Amino acid sequence: MALGVAGFRVGCWTHEDGHTGCTVVLAPNGALGAAAVRGGAPGTREMAALGANGNVQECHAVVLSGGSAFGLATADGVVDWCETHSIGYDRFVARIPIVGAAIVFDLRAPGAPRPGRDAGWAACEAASEKDPEMGAVGVGAGCTAGKTAGLQFAVKSGQGWAVAREGDVSVGALVAVNPLGDVLDERGEVLLGSRAPAGHPRYPAADLSLPTRREPFSQPPEVSDAPTAGVPVPGASENTVIGCLVTNARLEKHQAARAADLAHSGIARAITPAHTSYDGDALFLLCAQERPTPMDLVAHLGAQAVAAAIRAAARAAGPLNTPVSLGPPD
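Scoring rules and cut-offs
Residues numbered from 1 in each chain as written. Predicted model: local features only at pLDDT ≥ 70, side-chain atom pairs only at ≥ 80, totals over all residues. Heavy atoms only, no water. Salt bridge = Lys/Arg side-chain N within 4 Å of Asp/Glu carboxyl O. Helix = DSSP H or I, 4+ residues; strand = E, 2+ residues; numbered from the N terminus. Buried < 20%, exposed > 50% of the residue type's maximum accessible area, 1.4 Å probe, protein only. 1 Å grid on protein atoms, 1.4 Å probe; cavity = no way out; pocket = protein on both sides within 12 Å on 5 of 7 lines; lining within 4 Å. Points joined across faces, edges and corners; volume = space filled by probe spheres on them. Nonpolar A, V, L, I, M, F, W, Y, C, P; charged D, E, K, R; others polar. Pairing = 2+ DSSP bridges. Core = buried A, V, L, I, M, F, W, Y, C linked by side-chain atoms within 4.5 Å. Contact = heavy atoms within 4.5 Å. Phe/Tyr/Trp six-rings, centres within 6.5 Å; stacked < 30°, edge-to-face > 60°. Lys NZ or Arg CZ within 6 Å of the ring centre and 35° of its normal. Axes fitted to C-alpha atoms, helices over the stretch in contact; angles between N-to-C directions.

Things to note about the pattern of salt bridges
Part 1: A complete count under the given rule lists nine salt bridges for this structure.
Part 2: We note a salt bridge from E186 to R315, for which the minimum N-O separation is 2.9 Å. Remark: R315 occurs in helix α6 (residues 295-316) and E186 occurs in the loop between β13 (182-184) and β14 (190-192); sequence separation between them is 129 residues.
Part 3: Looking at R315, the relative accessible area reads 45%, which means it is partly exposed.
Part 4: A salt bridge links E189 to R187; the shortest N-O distance between them is 3.4 Å.
Part 5: Members of the salt-bridge network, linked through shared partners, are R45, D76, D80 and R117.

This is the structure we're talking about:
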């Protein structure tokens, strides 16, 4: 079953050039939704309504998309699909779907394709209870990691998922890994990270007073052992880890929001540095409301699942530390 919890469905749409895409998680009827942001540069939809202070309880779907702010349009396609299939709040005049969304920045060339309404619809059509693909598919198609020394030293990343269990309680996490930082393995060693040579200045320790800005869409420079005077200033919204957690636990809204926030600990375990001012880290949590469960257990399992999903994405991205092309699609 998708993400280890019955009733949830996951679908992916990947652009034909393989550089962008989106992934949708469709919730079973009556699922409670919550969300939490820890990054400083998020791009989201329905985050306030699903956050700790929001009154909205039910959430019908979550879509994770590439395309930066343009990719939020995929949620429109998911809303259309849900309405067509009679999914949403029945408000007498219409069924109103609640669709959470978050985006990653994967635009690396002028005129690059970006997912929109049709992509969101297509991801819903592809949704199933089978285990989703991992790596450079769906929202993970254009993801990168290891940008602390500049995008020219970044490596390919992707989407990953994992499930953590304790007794009859399950928490699954689907994560798009597009951070500023490096991905760490279970021993704390770099699994997926910047290709910059040792000694090269890296954010945030490097002196950014005289940054070396990269030319947009330039090709990767020759790697040298000689350190430079500075590193490129990170893009204000070019990095993020976004994800959707699902569980069979039953929680109250405030508990679910707290659990979603604490699940961000999994990001800090698997990525360094994490939650920077230039990352838009955001997590959604969908609860099937089946088993009364302590909130702390859901948070604990959620953090485990998020960390494992990040590492799974890194390992599924292809040959580790593959350079990223900064020009137009091949």
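That was the structure; now back to the text.
Comments concerning empty space enclosed by the protein
Part 1: Throughout the structure, instances matching the rule amount to four cavities of 30 Å³ or more.
Part 2: Put simply, the second largest cavity is a space of about 60 Å³.
Part 3: What lines the second largest cavity is simply F105, D106, L107, R108, G142, T144, K147, L151, N178 and E238.
Part 4: For the lining of the second largest cavity, the per-class residue count stands at three nonpolar, three polar and four charged.

Comments concerning the sheet that holds β14
Part 1: Here we have three strands laid out as an open sheet, ordered β14-β13-β16, and antiparallel in their pairing. Where the open sheet ends on each side, the last strands, each with one partner, are β14 and β16 (271-272).
Part 2: With two bridges joining them, β13 and β14 adopt antiparallel strand pairing. Looking across to β14, one finds that V183 is bridged to L192.

Remarks on the nonpolar core
Part 1: In this structure, V183, L245, L251, L285, V306 and I310 are the most contacted members of the largest nonpolar core, which totals 41 residues.
Part 2: Ranked by the residues each element gives to this core, the list is headed by α6, at eleven residues.
Part 3: If sequence neighbours within four positions are ignored, V306 has contacts with A173, V175, L245, A263, G266, I267 and L283.
Part 4: Residues A2, V25, V246 and L286 belong to the second largest nonpolar core, which totals 29 residues.

Re unusual backbone geometry
Part 1: Backbone torsion omega between Y203 and P204 reads 5 degrees, so that peptide bond is classified as cis.
Part 2: Relative to the helices and strands, P204 resides in the loop between β14 and β15 (240-250).
Part 3: Here the amide bond leading from T272 into P273 is cis, since omega sits at -10 degrees, within 30 degrees of zero.
Part 4: Tracing the backbone through its elements, the reader meets P273 in the loop between β16 and β17 (282-292).
Part 5: Positive phi is not limited to glycine here, since S86 has a value of about 60 degrees.
Part 6: Here S86 lies in the loop between α2 (74-84) and β6 (89-90).
Part 7: Here the phi dihedral of H275 falls at roughly 55 degrees; this positive angle occurs in a residue that is not glycine.
Part 8: Topologically, H275 is positioned in the loop between β16 and β17.
Part 9: Among the residues examined, H275 registers a relative accessible area of 22% and is labelled partly exposed.

Focus on the packing of aromatic side chains
Part 1: Here the structure, examined in full by the defined rule, presents one aromatic pair.
Part 2: Ring geometry for Y203 and Y278: centres 5.4 Å apart, planes at 80 degrees, overall edge-to-face. Residue Y203 is located in the loop between β14 and β15, and its partner Y278 is located in the loop between β16 and β17; the two are separated by 75 residues in the primary sequence.
Part 3: The side chain of R114 reaches across the aromatic face of F70, ending 3.6 Å from its centre.

Examining the pairing of strand β5 (residues 61-65)
Part 1: Judged by how many residues are buried, β5 sits mostly within the fold: five of five residues are covered.
Part 2: Neither face of β5 is open: one carries A61, V63 and S65, the other V62 and L64, and all of them are buried.
Part 3: Here five bridges tie strand β2 (residues 21-26) to β5, and the two strands are oriented antiparallel to one another. Within the sheet, the bridge partner assigned to V24 lies in β5 and is V63.
Part 4: Bridge count between β5 and strand β8 (residues 99-103): five bridges; the pairing is parallel. Looking across to β8, one finds that S65 is bridged to I103.

Some thoughts on the sheet that holds strand β4 (residues 44-45)
Part 1: Ordered by their spatial adjacency, five strands build an open sheet running β1-β2-β5-β8-β4, and the pairing between neighbours is mixed. Looking at the sheet topology across the chains shown, the edges are occupied by β1 (9-14) and β4.
Part 2: The pairing of β1 with β2 spans six bridges and is classified as antiparallel. Residue C12 lies in a different strand from β2, and its bridge partner there is T23.
Part 3: Most of the contacts of α2 go to β5, to which it runs at about 150 degrees, and overall it touches β1, β2, β4, β5 and β8.
Part 4: Against the sheet, helix α3 (residues 117-125) engages β1 and β2, with an angle of about 50 degrees to β2.

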